[in-house]
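Analysis of the macromolecular model
Okay, here's what each chain looks like letter by letter:
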Amino acid sequence: MNKKRTGEKIIYWLMRGVTYSVVLFIAYILLDILIHGLPAISWNFLTGFPEKSGAEGGILPAILGTLYLVIGTIVVALPLGMFSAVYLTEYSKQNRFAQSIRMAIVTLAGIPSIVFGLFGLGLFVITLNFGSSILAGSLTLACMILPTIIVASEEALKSVPKYMREGSLALGATKWETIYKNVLPYALPGMLTGAILGIGRAAGETAPILLTAAAFFLPDLPTSVFDQVMALPYHLYILATQHPEAQKILPMQYGTALVLLLLVIGLNMAAIILRIRVRKKYKW
Amino acid sequence: MVDIQTGNKIKIRVGNMNFFYGPVQALFDINMDIAERKVTALIGPSGCGKSTFLRTLNRMNDIIDGTRLEGKVLIDGSDLYSPMTDVVGLRKKVGMIFQKSNPFPKSIFDNIAYGPRIHGVKDKKDLIEIVENCLIKSALWDEVKDRLDTSAMGLSGGQQQRLCIARALAINPDVVLMDEPASALDPKSTLKIEDLISDLKKDYTIIIVTHNMQQAGRVSDYTAFFYEGRLIEFDETEKIFTKPNQKQTEDYITGRFG
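The rules behind these values
- Every chain is numbered independently, its residues counted from 1 as its sequence is written.
- Chain letters and ligand numbers both follow the written order, the letters beginning at A and the numbers at 1.
- Local features in this predicted model are restricted to residues whose pLDDT is 70 or higher, and side-chain atom pairs enter the listing and the counts only when it is 80 or higher, whereas totals over whole chains, interfaces and linings include all residues.
- For the side-chain quantities, the full set of heavy atoms in the structure was used; hydrogens and water were omitted.
- Each helix is a run of DSSP H or I of at least 4 residues and each strand a run of E of at least 2, with the numbering of both proceeding from the N terminus.
- Between the two quantities, the radius of gyration covers C-alpha atoms and the globule rule is 2.2 Å times the number of residues to the power 0.38.
- Throughout this description, buried means an accessible area under 20% of the type-specific maximum (1.4 Å probe, protein chains only), exposed means over 50%, and partly exposed covers the range between.
- Whether two residues are in contact is decided by their heavy atoms: any pair within 4.5 Å suffices.
- Side-chain rings of Phe, Tyr and Trp, where Trp is taken by its six-membered ring, are said to pair if the distance between their centres is within 6.5 Å; with planes under 30 degrees apart they count as stacked, over 60 as edge-to-face, and otherwise as tilted.
- A positively charged side chain is recorded as over a ring if its NZ (Lys) or CZ (Arg) lies within 6 Å of the ring centre. The angle to the ring normal must also be within 35 degrees.
- Put simply, a patch holds well-exposed residues, over 30% relative accessible area, that have no salt bridge, with like charges counted together within 9 Å and Val, Leu, Ile, Met, Phe, Trp or Tyr side chains within 5 Å.
- Per-residue and other accessible areas follow the Shrake-Rupley method at a 1.4 Å probe size, with only the shown protein chains counted as cover for residues.
- What makes a salt bridge here is a side-chain nitrogen of Lys or Arg within 4 Å of a carboxyl oxygen of Asp or Glu, nothing more.
- pLDDT expresses, on a scale from 0 to 100, how confident the predictor is about each individual residue.
- Axis geometry follows a simple rule: fit a line to the C-alpha atoms, using only the stretch in contact for helices, then measure angles between N-to-C directions, giving values from 0 to 180 degrees.
- Relative orientations are named as follows: roughly parallel for angles under 35 degrees, roughly antiparallel for angles over 145 degrees, roughly perpendicular for angles from 65 to 115 degrees, and oblique for any other angle.
- Each crossing gets its handedness from the near helix: less than a right angle anticlockwise from the far helix is left-handed, clockwise is right-handed.
- We call two strands paired when DSSP finds no fewer than two bridges between them.
- In this document the domain limits rely on a domain assignment from an automatic tool or a database.
- Once two parts are joined, some of their accessible surface, as seen by a 1.4 Å probe, is lost; buried area is that loss totalled over both.
- Any N or O atom pair separated by 3.5 Å or less is treated as a polar contact, with the protein-specific requirement of one donor-capable and one acceptor-capable atom, and with residues adjacent in sequence counted only for side-chain atom pairs.
- Side-chain classes follow a simple rule in which Ala, Val, Leu, Ile, Met, Phe, Trp, Tyr, Cys and Pro form the nonpolar group, Asp, Glu, Lys and Arg form the charged group, and the remainder, Gly included, forms the polar group.
- Points on a 1 Å grid over protein atoms alone make up a cavity when a 1.4 Å probe fits among them but cannot get out, and a pocket when they form an open set with protein on both sides within 12 Å along at least five of seven lines; lining residues each have an atom within 4 Å of a point.
- Grid points are joined across faces, edges and corners, and a volume is the space filled by probe spheres set on the points.
- We define a nonpolar core as any set of buried Ala, Val, Leu, Ile, Met, Phe, Trp, Tyr and Cys residues linked to one another through side-chain atoms lying within 4.5 Å.

Remarks on the overall build of chain B
- From N to C terminus, chain B includes ten helices and ten strands.
- The C-alpha radius of gyration of chain B comes to 18 Å, within 12% of the 18 Å expected for a compact globule of 258 residues.
- If you line up chain B on its principal axes, its C-alpha atoms span 55 × 45 × 35 Å.
- Scored against the burial criterion, the 258 residues of chain B give a buried share of 52%.
- Intrachain contacts of chain B at a sequence separation of at least 6 include 66% that bridge at least 24 residues.

Side note on the packing of aromatic side chains
- Taken as a whole and judged by the stated rule, the model has eleven aromatic pairs over all chains.
- Arranged with centres 5.4 Å apart and planes meeting at 75°, the rings of A:Tyr12 and A:Trp13 form a pair that is edge-to-face.
- Since its relative accessible area comes to 44%, A:Tyr12 is described here as partly exposed.
- Grouped by ring-pair contacts, the aromatic residues B:Phe225, B:Tyr227 and B:Tyr252 constitute a single cluster.
- The ring of B:Phe109 has B:Lys124 sitting right over it, with the charged end atom 4.6 Å from the ring centre.
- Its guanidinium or amino end placed over the ring of B:Phe104, B:Arg167 lies 3.9 Å from that ring's centre, counting from NZ or CZ.

As for a nonpolar patch on the surface
Residue and element names in this part refer to chain A.
- A cluster of nonpolar side chains, contributed by Val18, Val22, Phe25, Ile26, Tyr28, Ile29 and Leu30, occupies part of the molecular surface with about 710 Å² of accessible area.
- Along the chain, isoleucine 29 falls in helix α1 (residues 2-37).
- Overall, isoleucine 29 belongs to the partly exposed group, its relative accessible area being 43%.

Here's the deal with the confidence of the model for chain B
Residues and elements named next belong to chain B.
- In this model, chain B carries a mean pLDDT of 91, and residues with pLDDT of at least 70 account for 98%.
- Ranking the elements of chain B by mean pLDDT puts helix α2 (residues 87-93) last with 86 and strand β8 (residues 205-209) first with 96.
- Interface scoring of the predicted complex returns ipTM 0.89; its pTM is 0.82.

Observations concerning the packing of helix α6 (residues 134-158) of chain A against helix α9 (residues 184-204) of chain A
Residues and elements named next belong to chain A.
- At their nearest, the axes of α6 and α9 sit 8 Å apart, and the two run at 150° to each other. Relative to α9, the element α6 is oriented roughly antiparallel. In this structure, the crossing between α6 and α9 has a hand that is right-handed. Taken together, the residues of α9 that come into contact with α6 (itself represented by Leu141, Met144, Ile145, Thr148, Ile149, Ala152, Ser153, Ala156 and Leu157) are Leu184, Ala187, Gly190, Met191, Gly194, Ala195, Leu197, Gly198, Arg201 and Ala202.

Re the pairing of strand β6 (residues 94-97) of chain B
All names here are of chain B.
- Alternating residues of β6 divide into Val94 and Met96 and Gly95 and Ile97, and every residue in both groups is buried.
- By the bridge criterion, four bridges tie β6 to strand β7 (residues 175-179) in an arrangement that is parallel. Residue pairing for β7: valine 94 is matched across the bridge by valine 175.

A few points about the domain arrangement of chain A
All names here are of chain A.
- Each assigned domain of chain A is listed here: domain 1 (2-39) and domain 2 (41-281).
- Taking only C-alpha atoms, the centre of domain 1 and the centre of domain 2 are 30 Å apart.
- Across the contact, eight residues belong to domain 1 and six residues belong to domain 2.
- In this assembly, domain 1 packs against domain 2 so that about 650 Å² is buried in total across both faces, 72% of it on carbon and sulfur atoms.
- Contact with domain 2 buries surface across domain 1, with Ile33, His36 and Gly37 losing the most and accounting together for 58% of the total.
- Where domain 1 packs against domain 2, one counts zero salt bridges.
- In this assembly, domain 1 and domain 2 are joined by four residue pairs in polar contact (both at pLDDT 80 or more).
- Here the residues of the side of domain 1 that touches domain 2 are counted per class, giving five nonpolar, two polar and one charged.

Re the layout of surface pockets
- Looking at the largest pocket, its volume works out to about 720 Å³.
- As for the largest pocket, its lining consists of 27 residues, of which A:Thr89, A:Glu90, A:Arg165, A:Lys175 and B:Ile63 are closest to the centre.
- Counting only elements with at least two residues in the lining of the largest pocket, the list comes to α3 (60-91), α6, α7 (162-170) and α8 (175-182) of chain A together with α2 of chain B.
- Tallied by class, residues from the lining of the largest pocket come to ten nonpolar, five polar and twelve charged.
- As a volume, the second largest pocket reaches approximately 320 Å³.
- Forming the boundary of the second largest pocket are 15 residues, of which A:Tyr282, B:Lys106, B:Ser107, B:Asp110 and B:Arg117 lie nearest the centre.
- For the lining of the second largest pocket, the secondary-structure elements that each account for two or more residues are α12 (250-281) of chain A together with α3 (108-118) of chain B.
- When residues of the lining of the second largest pocket are assigned to their parent elements, the largest contribution, four residues, is made by α3(B).
- Within the lining of the second largest pocket, the residues separate by chemical class into four nonpolar, three polar and eight charged.

Structural notes on the packing of helix α4 (residues 124-137) of chain B against helix α6 (residues 157-169) of chain B
All names here are of chain B.
- At their nearest, the axes of α4 and α6 sit 8 Å apart, and the two run at 130° to each other. As summarised for this structure, α4 and α6 are arranged oblique, according to the angle between their axes. Where α4 crosses over α6, the two elements pack in a sense that is right-handed. Residues Cys134, Leu135 and Lys137 of α4 lie in contact with α6, whose contacting residues are Leu163, Ala166 and Leu169.
- Taken together, the residues of the contact of α4 with α6 break down into five nonpolar, no polar and one charged.

Focus on the nonpolar core
- Counting residues in each nonpolar core, the largest one holds 66 residues, and the members touching the most others are A:Ile59, A:Leu69, A:Ile145, A:Leu157, A:Ile209 and A:Leu232.
- Of all elements in the fold, only α3, α5 (113-127), α6, α9, α11 (232-242) and α12 of chain A together with α3 of chain B reach the threshold of two or more residues within this core.
- Here this core takes eleven residues from α6(A), the largest share from any one element.
- Not counting residues within four places of it along the chain, the set of residues in contact with A:Leu232 comprises A:Ile59, A:Ala62, A:Ile63, A:Thr66, A:Thr256, A:Val259, A:Leu260 and A:Leu263.
- If you look at the next biggest cluster of nonpolar residues, it comprises 42 residues, including B:Ala182, B:Leu196, B:Ile208 and B:Ala216.

The structure is reproduced here in structure tokens:
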């Protein structure tokens, strides 16, 4: 009996320890970036253009570029993903064809991001002649985060009880009216969760935009979706690995990393607040 | 159509109906005339097909993949399963109350206005009138009139079920189908629902599935006994409960099986 209890305790502490170590790990990364990054951040850093290949000056074009790319990505991926999920869960028969579509989506999620980059380069940049641009980059990133959004949206739709649909149909609503008025509103919080995860990925990826949208340095801010942009992850990559004085400009690297982190957290917070508000409205 | 023996007007006529879930046949050769503005109870042990039968009457089974129906179901003489039938229009004529009360996570007002809004009622005044009428009909008005804007999820189980009845009445149906509407409710709420059914039959043809023998006896004019997908006996409720023709019916009613 005593032996058994000791065993239980060991397991308990082991699992507790492992969980805490994960938190510790994340806390270390965050603190490290925060401590080294904060001194670099100034008004000039946030609103200025890079000077001397990024060794001095600011990162405004990269901040705006990443913001544009993320917004473009969500604008494309969210409706596509939501409607695909609606089709898969509400309309398609649950047969082998639907299964193979699901399989394809899951496989898509496992494709390395550089492959998406090459795909975007081939299709959007060259074949469709969008050039290296916000448009091409957003479309490429959208392809990459589609699986995340579709899977999350499907789960959200499935969690809406069947009686919501039956109740609405029994009142003489058509299938689409039922989905639009009595399923989608309740599934929206879950769908937004998918979007949140997608935002994080889209903002942080370097490889896909390296080939489809990002420039090392631009003297002007973009004026249309067909312009190239600078982007935070790519800027960071350049500063950390390609710069001749990489060691000297460590504060600039940390500052950029911190801004990227804050940007992603900010976008996530916005989505979380939106989710909470929608969820509050429809509670069952 | 009028039944010659009873003089009742026939609302729904089911002729030689067979129903299948994929390869599995669930209903066998059902023939039934359902009288207008009467309460018809469907009884029988679990899995006997009574709920399936109920759901053929508003084509609710359509939403399950691979279901199929043979034979005829006529409402007011027109065939429900003809390819020309407008299923949406049909469901507007036939309201349905489910076993588990299923209010939508919206306000009480929006729950009841859901159907009318879908069917094109936009004027706020009209909607208010419909909501009030339906709540009065479902005996819920006095309990909720001061909180129509609050969520329907805050109502008690019995109130929720009466709300669902009000919601079904709001689309102005002729027929109301009830699938064990009181099985999840306490005795007091059950009585309220039963009183309500007796009130409603003045205006509506009601078909109710129930597991509760006493309830069938209390509320219905006609009772149909289903067993293993077949309609064993269908007659006036009093007759079914006092001197049924079939041995199986008697065994079930006296509690010898099921």
